[in-house]
Amino acid sequence: MTITPSPKVRIFDTTLRDGEQSPGAAMTHEEKIQIAELLDEMGVDIIEAGFPISSAGDFEAVKEISRVVKGSTVCGLSRAGFKDIDAAGEALKPAKRPRIHTFIATSPVHMKHKLQMGENAVLEAIGASVTRARNFTDDVQWSAEDATRSEKDFLCRAVEVAIHSGATVINVPDTVGYSTPQEYFDIITMLRERVPNADKVVFSTHCHNDLGLAVANSLAGVLAGARQVECTINGIGERAGNAALEEIVMALKVRRDIMPYETGVATNLLSRASKLVSNVTGFPVQYNKAIVGKNAFSHESGIHQDGMLKHAETYEIMRPEDVGVHSTSLVLGKLSGRHAFRDKLEAMGYQLDDEAFGDAFKRFKDLADKKKHVFDEDIVALVDDEIVRGHDAISVRDLRVESGIGVPPVCQMTLSINGEDKTAKTTGDGAVDAIFNAIRELYPHAATLQLFQINAVTEGTDAQATVSVRLEENGRTVTGKGSDTDTLVAAAFAYVNALNKLLVKREKQAPEALTVAR
Ligand code: KIV
Ligand code: ZN
C-alpha cells in the first residue's frame, strides 16, 4: 500500500513586518533576530523579516535575519517602485532562500484615492515590478492589495500580468478584513479557474481580522486551493491584526479529517513563541485566546472537571503539551546548581552562550534567594529579560523608595549612565511616579509614557512582577520590560530598558520617507 502524503500548506509568518505595524509593537533589532531564530526553529516556511526601504533599522534587520536564518525562506516587502525592490534585493543578499514580496493595490478605492493611477498604469507597474524583482531572485511573491474589494475582471487581469512577468506566489490580501469565508473561498476559486497559468503558481491568503474572521477566511482559502497562509504570532498586526499563526496551525492539525493538509510547524514551540512576542511587544495575550491564552486549557466548572478526570477527551480537543504548555511545575530552588539550571534551560528550548548563561544563572540565584518556589514561568521571564536587556548604556545601580498613607513618596535612585554613577532624590504622585521622575532627572529626555502595565508571572504574593513601559519619542515607540519580585524595582528596570531601546532606535534613523507611492 502506498501512502500519499497530504498536500503541504506553507506557513508564511509576517509578525516582523505586518505584526510590527501594530501601533506600539515596534521591536528592537535584537528582538527581531530572537523572534526570527525561533520562527526558523519552529519550521515556519517563510519569514517576512521587514520592509527594507522603510527604515535603516528594517533594512539592517532583514539583512541580519537573512544571515542567521538556516531553514526558512527570508522575505522582504516592497511596493512597486524600483527603489523599494532594489532595497529588498540588497537586504536579502545574505539569505540562502531569498524572496521579494512586491505589492500594489488593485481596488477602485485604493487606485483612485491612494495611488491616483488608472487600471492600465497599475497593470504596467505590476509587470515592471515583478520583472525587476526577478533580477534578484527566482522567488517573487506578488500581492494585490485590497484584493477582496477589487473588481473581479480587473483582479484576474492583474494576477495574469503578475504570473506572466514571473511571479511564483500570488497573494490575495483581505487588507481591511472585510471578506467572509464563502466570499473568500469564491475569490480564490475564481482566480484558480480563470487566470491563465494559475496552476504554475502558489496562491496565498493574507487575511486581516477586522470582523474577527481572519482565521476562518484563511482556512476557506486553503479549502479553495491556496497553499500558503500568511499569519502572525498571537494574531498581531495592523488594527485588529492578522490571522493568528497558532490558530491556523492547530486548526489544520486538529481537523485533519476535513482539512487534510500538513504544515511543517513544530507545534510544541507555539506557546513559547506567543510568550516571546507578547513580552517583546508588551501586548498581553487575552486570557481566553485560542491555543495560547492562559485559560485555553483550564476547566473551571465542576461538570467539566469531572469529565476531564474521567477522560481528557471529554472536553479537550488537543493536549496542552501539543502546543508546548506544561502543567506549572516546581522546577528549581535555592540549592539548584549550574548543571540543573542549564538542563532546565535546554529542556525549555533555550540555548544561551556562556556569558548569557552566567548572567542568567546569577539572576536565577538572586531570585531563588527571594522567592521560595521558582516555576517555569519565572525562568522564562528571567531569561527573556536577560536577552532583552543586552548591553545597556543605562542601568539601575540602586533604588530606595519610601511610601505610605499620608506621607509623600520619596525615591532615591542611582543610575549608571555610560559607566558613570549618578544619584537623585525625588518625590511624585505615587511611588512609581517618584521613580520615573528620578529617571527623568538623571537622564533628561522628551519621550512620553504611553503604557505602564504590571503582570504577575505566577500566583502567590511572592510572585515576580513583569512590568511593561512603552515610551514614544518623535513617532518612535519602544516597549521596555522588567521583572522582579518587587514591583517597584521591576518598574524601574522596565523604564530604563525602554530608554535603552530608544537610544538604540535614535541611532538608526529612517533614510527614506514612506510617502513614495510607486
Ligand atoms: O494587508 C495587506 O494588504 C498587506 C500587503 C502589503 C500584503 O499587508
Ligand atoms: Zn496586511
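So, a few notes on the structure that sits alongside this text. As the structure is a prediction and not an experimental result, all values here were calculated from the model.

## Observations regarding the overall build of the protein chain
Link 1 in the chain: Assigned secondary structure in the protein chain consists of 16 helices and 16 strands.
Link 2 in the chain: Over its C-alpha atoms the protein chain spans a radius of gyration of 25 Å, differing by no more than 12% from the 24 Å that the globule rule assigns to 518 residues.
Link 3 in the chain: Referenced to the eigenvectors of the C-alpha coordinate spread, the extents of the protein chain come out at roughly 75 × 60 × 45 Å.
Link 4 in the chain: Every one of the 518 residues in the protein chain was classed for burial, and the buried ones make up 56%.
Link 5 in the chain: Looking at charge distribution, the protein chain has the averaged site of its 58 positive side-chain charges lying 2 Å from that of its 73 negative ones.

## A closer look at the packing of helix α7 (residues 181-194) against helix α8 (residues 214-223)
Link 1 in the chain: Across the interface, α7 lies against α8 with an axial gap of 8 Å and an inter-helix angle of 35 degrees. Read as a crossing pair, α7 and α8 show a hand that is right-handed. Of α8, the residues touching α7 (which contributes Pro181, Tyr184, Phe185 and Ile188) are Ala216, Asn217, Ala220, Gly221 and Leu223.
Link 2 in the chain: A per-class count over the contact of α7 with α8 returns 7 nonpolar, 2 polar and no charged.

## A short note on the nonpolar core
As a rule of thumb, nonpolar side chains are buried together in soluble globular proteins.
Link 1 in the chain: Formed by 92 residues in total, the largest nonpolar core has its most connected members in Met42, Ile126, Trp142, Ile170 and Leu191.
Link 2 in the chain: Considering each element in turn, this core owes the most residues, 8 residues, to helix α6 (residues 152-165).
Link 3 in the chain: In terms of domain composition, this core takes at least three residues from each of domain 1 (10-281) and domain 2 (297-327).
Link 4 in the chain: Counting 29 residues, the second largest nonpolar core, distinct from the first, contains Ala438, Tyr443, Val496 and Ala498.

## Let's talk about the packing of aromatic side chains
Link 1 in the chain: Tallied over the entire structure, the rule returns 7 aromatic pairs.
Link 2 in the chain: Their ring planes at 55 degrees and their centres at 4.6 Å tell us that phenylalanine 436 and tyrosine 495 sit as a pair that is tilted. Residue phenylalanine 436 is located in helix α15 (residues 431-442), and its partner tyrosine 495 is located in helix α16 (residues 487-507); the two are separated by 59 residues in the primary sequence. Tyrosine 495 carries the same exposure label as phenylalanine 436, and that label is buried.
Link 3 in the chain: One aromatic cluster is present, built from ring pairs that chain together Phe341, Phe357, Phe361 and Phe364.
Link 4 in the chain: When the ring centre of tyrosine 287 is taken as reference, the NZ or CZ atom of lysine 294 above it lies at 5.5 Å.

## Quick notes on helix α10 (residues 270-281)
Link 1 in the chain: In this model α10 runs 17 Å from its N-terminal to its C-terminal C-alpha over 12 residues, within 8% of the 16 Å that 1.5 Å per residue would give.
Link 2 in the chain: By the criterion of burial, α10 is predominantly enclosed, with 11 of the 12 residues buried.
Link 3 in the chain: The set of residues buried in α10 consists of Leu270, Ser271, Arg272, Ala273, Ser274, Leu276, Val277, Ser278, Asn279, Val280 and Thr281.
Link 4 in the chain: After α10 finishes, the residue glycine 282 shows a positive phi value of roughly 75 degrees.

## Here we look at the sheet that holds strand β2 (residues 46-50)
Link 1 in the chain: In space, the 8 strands of this closed barrel follow the order β1-β2-β3-β4-β5-β6-β7-β8, with parallel pairing throughout. When strand polarity is set aside, the average angle formed by the axes of neighbouring strands in this sheet is 25 degrees.
Link 2 in the chain: Across the face of the sheet, helix α2 (residues 56-68) comes into contact with β2 and β3 (73-78) while running at roughly 150 degrees to β2.
Link 3 in the chain: Strand contacts of α8: β6 (169-174), β7 (202-207) and β8 (228-231), with the helix running at about 170 degrees to β7, the strand carrying the most contacts.

Procedures and definitions
- Sequence order as written defines the numbering, with residues in each chain counted from 1.
- Just so you know, chain letters begin at A and ligand numbers begin at 1, following the order they were written in.
- At least 70 in pLDDT is required for a residue's local features to be given in this predicted model, at least 80 for side-chain atom pairs to be given and counted, and no such filter applies to totals for whole chains, interfaces and linings, which use all residues.
- Based on all heavy atoms of the structure, the side-chain values leave hydrogens and waters out of the count.
- A run of H or I in DSSP counts as a helix once it spans at least four residues, and a run of E counts as a strand once it spans at least two, with each numbered from the N terminus.
- Restricting the calculation to C-alpha atoms gives the radius of gyration, and the globule rule supplies 2.2 Å times the number of residues raised to the power 0.38.
- Any residue under 20% of the maximum accessible area for its type is buried, any over 50% is exposed, and the rest in between are partly exposed; the area is computed with a 1.4 Å probe on protein chains only.
- Positive charge is attributed to Lys and Arg, negative charge to Asp and Glu, and no charge count is given to His or to the chain ends.
- Taken as the charge location is NZ of Lys, CZ of Arg, CG of Asp or CD of Glu.
- Axis angles are defined between N-to-C directions and span 0 to 180 degrees, where every axis is a line fitted to C-alpha atoms and, for a helix, only to the segment in contact.
- In this scheme the crossing of two helices becomes right-handed for a clockwise turn of the near helix relative to the far one and left-handed for an anticlockwise turn of less than a right angle.
- The contact rule is simple, with two residues in contact once any of their heavy atoms fall within 4.5 Å.
- Note that Gly is not counted as nonpolar here; it falls among the polar residues with everything else outside the nonpolar set of Ala, Val, Leu, Ile, Met, Phe, Trp, Tyr, Cys and Pro and the charged set of Asp, Glu, Lys and Arg.
- As used here, the term nonpolar core means buried Ala, Val, Leu, Ile, Met, Phe, Trp, Tyr and Cys residues forming a set that is joined through side-chain atoms within 4.5 Å.
- An automatic or database domain assignment provides the domain bounds reported here.
- Only centres within 6.5 Å qualify two rings of Phe, Tyr or Trp (six-membered ring in Trp) as a pair; their planes then separate them into stacked at under 30 degrees, edge-to-face at over 60, and tilted for everything else.
- Counting as a charge over the ring demands two things of the Lys NZ or Arg CZ atom: a distance within 6 Å of the ring centre and an angle within 35 degrees of the ring normal.
- What a helix is expected to span follows from its residue count: subtract one and scale by 1.5 Å.
- By the convention used here, strands pair only if DSSP detects at least 2 bridges between them.

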